[in-house]
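Listed here are the chains, written in short residue letters.
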Amino acid sequence: MARIAPLRDHEIPPASRPEFERQLAAHGRVTNMKRTLARNSVAFEALMTWYPLHDAVRGFLGARATLVYVLAISEQVECLVCSTYFRRHLIDSGENPDQLVLTDRENALVNLGRQLAVDAKAIDDVLMDRLFAFLTQDQVVTLTAFGAMMLATNVFINALDVDLDEYLHLYRKHA
């Protein structure tokens, strides 16, 4: 059970209302994480910068590779909400997230995502060289910032034990 209850529509504070409405318009729903974040408009807006970073990364990696990257981060930190959310996208696109066949590029992205989650200081030159084989320095900066934002999202959800949204239950990984 969540440590802090997500707000209902009528409880959204005025300062958070514009971002809440943007999220509702863009996604058709506002998740438990966002309803919890809405308690503080600055925190809410800060973590919602995930979306422009996502769009930038997706622009140079493509949709699948971006999903593989954020799934690797979310699974590494054992974030049920985020990993299930990304599993949903892979499943809905016809893939089995438990049996992904990865390209060399995607393997490098998985390795980066996992290492960011475990110990970012331990990212070695071999992995960076693998990334620089298909990314520019500017893209690596964007990818790393996006990974850091993904970690921030995972930490927020895990620390407050945000409940898995009902619509995601079907996509949950079962051991």
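Residues numbered from 1 in each chain as written. Predicted model: local features only at pLDDT ≥ 70, side-chain atom pairs only at ≥ 80, totals over all residues. Heavy atoms only, no water.

## Here's the deal with the packing of aromatic side chains
How two aromatic rings sit relative to each other is given by the distance of their centres and the angle of their planes.
Move 1: For the structure shown, the criterion picks out five aromatic pairs.
Move 2: Taking 5.0 Å as the distance between ring centres and 80 degrees as the angle between the ring planes, the aromatic pair formed by tryptophan 50 and tyrosine 51 counts as edge-to-face.
Move 3: On the basis of relative accessibility, which here comes to 8%, the residue tryptophan 50 falls in the buried class.
Move 4: Summarising the aromatic geometry, the rings of tyrosine 69 and phenylalanine 146 are spaced 6.2 Å apart at their centres and angled 35 degrees between planes, so their arrangement reads as tilted. Of this pair, tyrosine 69 sits in helix α5 (residues 63–76) while phenylalanine 146 sits in helix α9 (residues 137–160), placing them 77 residues apart in sequence. Each member of the pair, tyrosine 69 together with phenylalanine 146, is buried.
Move 5: Directly above the ring of tyrosine 167 sits arginine 29, whose terminal nitrogen or CZ lies 3.6 Å from the centroid. (Phe/Tyr/Trp six-rings, centres within 6.5 Å; stacked < 30°, edge-to-face > 60°. Buried < 20%, exposed > 50% of the residue type's maximum accessible area, 1.4 Å probe, protein only. Helix = DSSP H or I, 4+ residues; strand = E, 2+ residues; numbered from the N terminus. Lys NZ or Arg CZ within 6 Å of the ring centre and 35° of its normal.)

## Concerning the nonpolar core
Move 1: Within the largest apolar cluster, 44 residues are counted, with the highest numbers of intra-cluster contacts made by Tyr69, Phe86, Leu131, Leu143, Phe156 and Ile157.
Move 2: Listing elements by their share of this core, those giving two or more residues are α2 (32–37), α3 (41–47), α4 (50–61), α5, α6 (80–92), α7 (104–119), α8 (125–132) and α9.
Move 3: It is α9 that provides the largest number of residues to this core, a total of nine residues.
Move 4: Not counting residues up to four positions away in its chain, the partners in contact with phenylalanine 86 are Trp50, Leu67, Val70, Leu71, Ser74 and Met150. (Core = buried A, V, L, I, M, F, W, Y, C linked by side-chain atoms within 4.5 Å. Contact = heavy atoms within 4.5 Å.)

## Notes on the environment of valine 81
Move 1: The residue valine 81 is located in helix α6 in this model.
Move 2: Taking the C-alpha atoms as reference, valine 81 lies 9.9 Å from threonine 153; in sequence the two are 72 residues apart.
Move 3: With sequence-adjacent residues up to four places away left out, valine 81 is seen in contact with Ile157, Val162, Asp163, Leu164, Asp165 and Leu168.

## Regarding the side chain of lysine 34
Move 1: One can find lysine 34 in helix α2.
Move 2: An unpaired buried charge is present at lysine 34: no salt bridge exists, and glutamate 19, the closest side chain of opposite charge, is 7.3 Å distant.
Move 3: Setting aside residues no more than four positions away along its own chain, lysine 34 makes contact with Gln23, His27, Phe44, Met48 and Tyr51. (Lys, Arg positive; Asp, Glu negative; His and termini not counted. Salt bridge = Lys/Arg side-chain N within 4 Å of Asp/Glu carboxyl O.)

Note that all results are geometric; they support no functional claim without further evidence.
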